[in-house]
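As a plain string of letters, each chain reads:
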Amino acid sequence: MSVTSDEGIIIYRDVHKWYGDFHVLRGITFTMQKGEVIVICGPSGSGKSTCIRTINRLEEHQRGQIIVDGVELTNDLRNIETIRREVGIVFQQFNLFPHLSVLQNVALAPFWVLKMKKSKADEVAMQLLERVGIPEQAEKYPGQLSGGQQQRVAIARALAMSPKIMLFDEPTSALDPEMIKEVLDVMKNLARSGMTMIVVTHEMGFAREVADRIIFFDYGQLVEENTPEEFFHNPQHERTKLFLSQILDY
Amino acid sequence: MRDNRQIVHIIKEQLRPPSERIPVIRWLKQNLFNSWFNAILTIVSTVLIVIAVFGLLRWALGARWEVIPTNLKLLLVGTYPAEHLWRVWATVYLVSFLLGFSSGSHGGLMRRVSTVVASVSVLLAILPFPWGTRGWLLGIAVVAAVGFGLGHLSKGIRRCKRLEIAAWLLSFPISLVLLNGMEGILPVIKGRTTWGFMLNLIGAVVGIGLSFPIGVLLALGRRSELPAIRWVCTAYIEIIRGVPLISLLFMASIMLQLLLPANVRPDLLIRAMMTITAFSAAYMAENVRGGLQAIPRGQYEAASAVGLNKALATILIILPQALRLVIPAIVGQFIALFMDTTLFGFIAILELLNITRSIMGNIEWRGTIFELYVFIGIAFWILCYSMSYVSRRIEKTLGVGER
């Protein structure tokens, strides 16, 4: 099931999803190019997290088409596994493996999934920990780190599979204010290095500085899609204006 | 700026918590004599305790303890033939050697356990056993020490570590062959249903060793996405848990006798062990399932998001966390299984409890019922307490990095 990927690295065509009777995603359509950074924002419950979680099939969509790097997401397990290798995700709650050391958290997937030698996997993990700025914590366990450090380990863990696309599901929402910056800095560097990223966040400063495009969600629909410049200074929809006025007043 | 620094300085100085030591008299007054009713309770219970302790002491000093040493061989290994007794010792030596080796190469928990084993054997050797037995007992400590030395030397050599694990796994079948014998290697010992306390130990080791993996598989099966597997596992667990162990044992001993012809029927002891394994596995499965359910969804998501398939995610991420959560329940099940081996006595297997009954039936030892039961109690307590001690140490060791 291969589709030409010239059109974009991620293609959404009229994607719908229901939780029971609740219609979470109501016909999402958008296309993303390689190297792009998209920030998705919107009120809570608007379906933005669900939307990015359908990209690596942590949630299933029930109608429409999702094509990631030329592979369409269906129930075919092989496709799902292929896509999960190419898409890294960082969760709001970190979801590190608490029984493994920081280094083991990062080296796990290269060793077991990419079948690297243990010494090679450890080396890769160490390089990534240096990249996110915490090589000195390698031997500690996740429970001994601060929230910001844990989230940086989670980023390193996702990068360890050398993904083509990185998804961030509210990566700073569970952090103390003092730690948000260290995580956003890592993400900013990642974006500068040319990584294709979709970020669900309420950090409007980050969106303004790093995003190529901002997508605004409400009621499971894609309400507005624009460059940061236009989005902040010239929003098209009433709903977007209301949202912006509420979060930017503080 | 200077003021600020001063404040920081003051805060950094730690204050000691107020002392909470109370003089004895005040403690008594506060806790035991704080009302006239409590005062009466205190006095009455003190009197009762004193009477009980004196009664116990008088009995213990006048008891016929000689029943234990005289029948010690009978109690511990039953009718195991004396000329083959070296095989029991060899098994004990094998295990102590491995314990010593592991304690040499790892330290920590293993070191404590082997130290206790070695020092207990030395202590026992001081007791007035026949000289031959004393020699064997001292041998345990020597073998453990040799193992320790070798283990210490092997530290850090990767191949030795693998060898060690293989040796531990192999020690299981080797011990059984040593004790039971095997056609062509060692003469098979007749009448293996009359081995006293050794049967309780073998039953427990076999039961624990087999029911744990089976229980884990059943627990995973009960949570499987495939309905057929789920139903089979659920039915098995619920049926076994609905029937008392003793009736399962009777079924295994009597009904199989009627249903299966003698040449395909495993012997009584093996049937008993299979039954207790099958029984314990059902409970084990529910303990493990409890642990599996406590693992947050995020762990499954993170595991599959980094590309692990279901099997790898279960083995590497889910099970280690789930099992750690339920160590206390699992060890509780191990202890219960060990105690349940005494039910073997009801299907004509002469394990410790049953063999004790036959000693009490001997006219020479009439009236030694308390002495013998105290011995049984102590024997079981020592082993059960060791298990729970080891489990607590393991919990502590694994607790590193706990969220």
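Shown above is the structure to which this text applies.
Scope of this entry: the structure provided in the associated data block.

Below, the discussion takes up the overall build of chain B. From N to C terminus, chain B includes 18 helices and zero strands. Relative to a compact globule of 403 residues, whose C-alpha radius of gyration would be 22 Å, chain B shows 27 Å and is clearly more extended. Principal-axis analysis of the C-alpha atoms gives chain B an extent of 90 × 70 × 50 Å. Looking at chain B as a whole, 38% of its 403 residues qualify as buried.

Here the focus is the sheet that holds strand 5 (residues 71-72) of chain A. Residue and element names in this part refer to chain A. In spatial order, the strands read 2-1-4-5; together these four strands make up an open sheet with antiparallel pairing. Of all strands in the sheet, those bounded by a partner on one side alone are strand 2 (22-32) and strand 5. Sheet topology places strand 4 (residues 63-68) next to strand 5; two bridges connect them, and they run antiparallel. Bridge pairing in strand 5 links I67 to E72.

We now examine the interface of chain B and chain A. Listed as interface residues are 21 residues of chain B and, on the opposing side, 23 residues of chain A. Approximately 1900 Å² of surface area, both sides summed, lies buried where chain B meets chain A, with 66% of it carried by carbon and sulfur atoms. Between chain B and chain A we count two salt bridges in total. With a shortest N-O distance of 2.5 Å, R53(A) and E301(B) are connected by a salt bridge.

All right, on to the packing of helix 10 (residues 197-222) of chain B against helix 15 (residues 310-325) of chain B then. Residue and element names in this part refer to chain B. Between helix 10 and helix 15, whose axes approach to 13 Å, the crossing angle comes to 110°. Classified by the angle their axes make, helix 10 and helix 15 are roughly perpendicular. Here F212, V216 and L220 of helix 10 lie close against helix 15, whose contacting residues are T314, L319 and L323. Here the contact of helix 10 with helix 15 is built from residues that sort into five nonpolar, one polar and no charged.

Below, the discussion takes up the side chain of S171(B). Examined against the element boundaries, S171(B) turns out to sit in helix 9 (residues 158-180). The class of S171(B) is buried, set by a relative accessible area of 9%.

It is worth spelling out a positive patch on the surface at this point. Residue and element names in this part refer to chain B. The grouping of R158, R159, K161 and R162 at the surface amounts to a positive patch. Mapping R159 onto the fold places it in helix 9. Taking relative accessible area as the criterion, R159 reaches 71% and is therefore assigned exposed.

Quick notes on the rules
Residues numbered from 1 in each chain as written. Chains lettered and ligands numbered in written order. Predicted model: local features only at pLDDT ≥ 70, side-chain atom pairs only at ≥ 80, totals over all residues. Heavy atoms only, no water. Helix = DSSP H or I, 4+ residues; strand = E, 2+ residues; numbered from the N terminus. Rg over C-alpha atoms; globule rule 2.2 N^0.38 Å. Buried < 20%, exposed > 50% of the residue type's maximum accessible area, 1.4 Å probe, protein only. Pairing = 2+ DSSP bridges. Contact = heavy atoms within 4.5 Å. Buried area = accessible area lost by both parts, 1.4 Å probe. Salt bridge = Lys/Arg side-chain N within 4 Å of Asp/Glu carboxyl O. Axes fitted to C-alpha atoms, helices over the stretch in contact; angles between N-to-C directions. Parallel < 35°, antiparallel > 145°, perpendicular 65-115°, else oblique. Nonpolar A, V, L, I, M, F, W, Y, C, P; charged D, E, K, R; others polar. Patch = residues over 30% accessible without salt bridge, like charges linked within 9 Å, V, L, I, M, F, W, Y side chains within 5 Å. Areas by Shrake-Rupley, 256 points an atom, 1.4 Å probe, with all protein chains shown as cover. Lys, Arg positive; Asp, Glu negative; His and termini not counted. Charge placed at Lys NZ, Arg CZ, Asp CG, Glu CD.

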